Amino acid sequence: MSRIDSLPPLKDVIEAHGIAPKKALGQNFLLDLNLTARIARAAGDLSGADVLEVGPGPGGLTRGLLAEGARHVLAIEKDSRCLPALAKISAAYPGRLTTLNADALDVDPLAHLTPPIKVVANLPYNVGTELLIRWLTPAQWPPVWDSLTLMFQKEVAERITARPGDKAYGRLALLAQWRCDARIVLTLPPEAFTPPPKVHSAVVHLKALESPRFAADPKVLERVVAMAFNQRRKMLRAALKGLVPEIEDKLIAAGIKPTDRAETVDLERFCALARLVAAK
Ligand code: SAM
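Not measured: the values here are computed from a predicted model.

### Quick word on the site of the ligand
(1) Moving on: The environment of the ligand is made up of 20 residues, and the closest members are Leu 30, Gly 55, Glu 77, Asp 103 and Asn 122.
(2) Moving on: Note that a nitrogen atom of the ligand is positioned 2.9 Å from one of the side-chain N or O atoms of Asp 103.
(3) Moving on: One nitrogen or oxygen atom from the side chain of Asn 122 is found 2.8 Å from an oxygen atom belonging to the ligand.
(4) Moving on: Taking 590 Å² as the accessible area of the ligand by itself, protein coverage stands at 99%.
(5) Moving on: If you list the elements that add at least two residues to the shell around the ligand, you get strand 1 (29-30) and strand 3 (72-77).
(6) Moving on: Among the residues forming the shell around the ligand, the class breakdown is nine nonpolar, six polar and five charged.

### Re the domain arrangement of the protein chain
(1) Moving on: Domain boundaries in the protein chain define domain 1 (10-208) and domain 2 (218-278).
(2) Moving on: If you average the C-alpha positions of domain 1 and of domain 2, the two centres end up 34 Å apart.
(3) Moving on: With twelve residues of domain 1 in contact, the opposing surface of domain 2 contributes 15 residues.
(4) Moving on: The tally of links from domain 1 across to domain 2 stands at one salt bridge.
(5) Moving on: Of the charged contacts in the structure, one is a salt bridge between Arg 171 and Glu 222, with a shortest N-O distance of 2.7 Å.
(6) Moving on: Linking domain 1 with domain 2 are five residue pairs in polar contact (both at pLDDT 80 or more), by the criterion used here.
(7) Moving on: Taken together, the residues of the side of domain 1 that touches domain 2 sort by class into five nonpolar, three polar and four charged.

The rules we used
Residues numbered from 1 in each chain as written. Predicted model: local features only at pLDDT ≥ 70, side-chain atom pairs only at ≥ 80, totals over all residues. Heavy atoms only, no water. Near = heavy atom within 4 Å. Polar contact = N/O pair within 3.5 Å; in protein donor to acceptor, adjacent residues only side chain to side chain. Areas by Shrake-Rupley, 256 points an atom, 1.4 Å probe, with all protein chains shown as cover. Helix = DSSP H or I, 4+ residues; strand = E, 2+ residues; numbered from the N terminus. Nonpolar A, V, L, I, M, F, W, Y, C, P; charged D, E, K, R; others polar. Domains from an automatic or database assignment. Contact = heavy atoms within 4.5 Å. Salt bridge = Lys/Arg side-chain N within 4 Å of Asp/Glu carboxyl O.

Structure (structure tokens):
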């Protein structure tokens, strides 16, 4: 087991504090500190940045982030059993780790951080997608965060980075890629975790663009895309029927064949369609 600091190995930390993993909390821990440091490095230079970490658990990734030089880490953990272990990390890195014992869905921690802000997390599976959608749809763009470096089930990571024609292409890919560069930076087998989950996992790095790739009203684009993929097997003239009058003309004006299916249409043409729909 590797050492990146003078704290005990994670296996001993888990044992000493009685943090037996709970399935209901999505607790699949990373115990290899080389690996957690690698994930921290995938977020880029942390030295001048505040980092938000959701679900630090016993603190493997937290230790990676601090060892890689994060200016400050705000870690939000729902499971109070993890607090003593996190307190020891905080003592080893004075003034650089704040822990909040809360449900990440109930708090808006980004408001308490100083830019530049990076979000880095091995997310609990049950809340990962919901948190991602919140971070991708703030009231203002660019958002307060610079980048998101997030571990998901591989299948979710593929939905975020998919291209037109891919099986995983849909609402999540369009939402993410409209205003971010999104790529998978690391794929991990189940054995990397304790206990091993049933599926492979992957780390996605999303870098916020200064402005969206193509102009569109966020709410209209979201509505068009949701409706188009809600019935992804249908031709778009049928899937989008009722969205606005004369939808076929608008599809054609956006460069989309009314007989096309949503899964073949790229971001640029969805944005063109959203502009035409907004113009009524
Ligand atoms: N970061 C640790 C690691 O990489 O080993 C733990 C990752 S584990 C996949 C997910 C963590 O999120 C667990 O520690 C769990 O208790 C915590 N968690 C689950 N739901 C949460 C929520 N709603 N808000 C905050 N933390 C949550």
